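Survey of secondary and tertiary structure
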Amino acid sequence: MPLSPPALLFDVGKVLIDFDFDIAARRLAERCDHPAETVLTLFDDIKGPYEIGDVSDAEFVRLGMQRIGFRGTPAEFAAIWCEIFTQNEAMKSSLDALAGKLPMYLLSNTNELHKNYFLREFAPFGHFQDGVYSHLARCAKPGEEIFRQTIEKFGLEPARTFYIDDLEPNIATARRLGFRTFHYSFVKHDRLQAELDEWLAGQGIG
């Protein structure tokens, strides 16, 4: 059988885009009687289940509003929950240059509200063919199952796939499964670009 083509696999948060939950905390605190410093702790026991699909969007919003006594509508609560992301301009430039050269996919621990928001609001996501998301996969990184689902869904050959993530446990799982990996941070973007250029050249992609 022919080998699968070389591919790129990206984490989302703190890689393709930045996020800051303190933004949501401050805005939520303005609409309830809990301080910004502690309001998000009231979500601790539902965030995890929400990210693996055990809690629906509607249930998360309902429970979240109830937990903090939110003074506003479900739509306002959902907007505050989502409006925490900003563009990683360096990565945007890299993705623009890579567009159309090889398949690119997403692998993210996320929830439906966040997924729909970042796919809609940030143009670089238009360069990706598809993604695997924890709330739909019903499992999460750094566990192996979500990686195996990704390999199967996209027909990836790990040895020919370059995976980028900001969390070392996720990188460790990917490396164990045979992926070429890069442990990303915003300050290491130039180093990523150099390693990526070298890898692409080795795959015959200019």
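Here the structure is a predicted model, which is why all the values come from computation and not from measurement. (Residues numbered from 1 in each chain as written. Predicted model: local features only at pLDDT ≥ 70, side-chain atom pairs only at ≥ 80, totals over all residues. Heavy atoms only, no water.)

Focus: the sheet that holds strand β1 (residues 7-10)
- Pairing in this open sheet of five strands is parallel, and the strands run β5-β4-β1-β6-β7 from one edge to the other. Sheet topology places β5 (130-133) and β7 (180-183) at the edges, where each strand pairs with a single neighbour. Strand-to-strand twist across the sheet, computed as the mean angle between neighbouring axes with direction ignored, equals 20°.
- Sheet analysis places strand β4 (residues 104-108) next to β5, joined by four bridges and oriented parallel. (Pairing = 2+ DSSP bridges. Helix = DSSP H or I, 4+ residues; strand = E, 2+ residues; numbered from the N terminus. Axes fitted to C-alpha atoms, helices over the stretch in contact; angles between N-to-C directions.)

A closer look at the packing of helix α4 (residues 74-82) against helix α6 (residues 112-121)
- Packing of α4 against α6 leaves a shortest axis separation of 9 Å and a crossing angle of 70°. Viewed along their axes, α4 and α6 adopt a mutual orientation that is roughly perpendicular. Between α4 and α6 lies a crossing whose hand is right-handed. Contacts between α4 and α6 involve Ala78, Trp81 and Cys82 from the former and Leu113, His114 and Tyr117 from the latter.
- Grouping the amino acids of the contact of α4 with α6 by side-chain chemistry returns five nonpolar, one polar and no charged. (Parallel < 35°, antiparallel > 145°, perpendicular 65-115°, else oblique. Left-handed = near helix turned anticlockwise from the far one by under 90°. Contact = heavy atoms within 4.5 Å. Nonpolar A, V, L, I, M, F, W, Y, C, P; charged D, E, K, R; others polar.)

A word on unusual backbone geometry
- Note that the residue after lysine 141, namely proline 142, is joined by a cis bond; omega there is 10°.
- Tracing the sequence through the fold places proline 142 in the loop between α7 (134-137) and α8 (144-154).
- Although it is not a glycine, lysine 14 sits at a positive phi angle of roughly 70°.
- Along the polypeptide, lysine 14 turns up in the loop between β1 and β2 (17-19).
- Positioned with a positive phi, arginine 138 is a non-glycine residue whose angle comes to about 65°.
- Tracing the sequence through the fold places arginine 138 in the loop between α7 and α8.

With respect to the side chain of serine 134
- By the secondary structure assignment, serine 134 is in helix α7.
- In this structure serine 134 comes out as buried when scored by relative accessible area, which is 0%.
- Excluding its chain neighbours within four sequence positions, the residues that come into contact with serine 134 are Glu51, Ile52, Ser108, Asn109, Thr110, Cys139, Ala140 and Ile146. (Buried < 20%, exposed > 50% of the residue type's maximum accessible area, 1.4 Å probe, protein only.)

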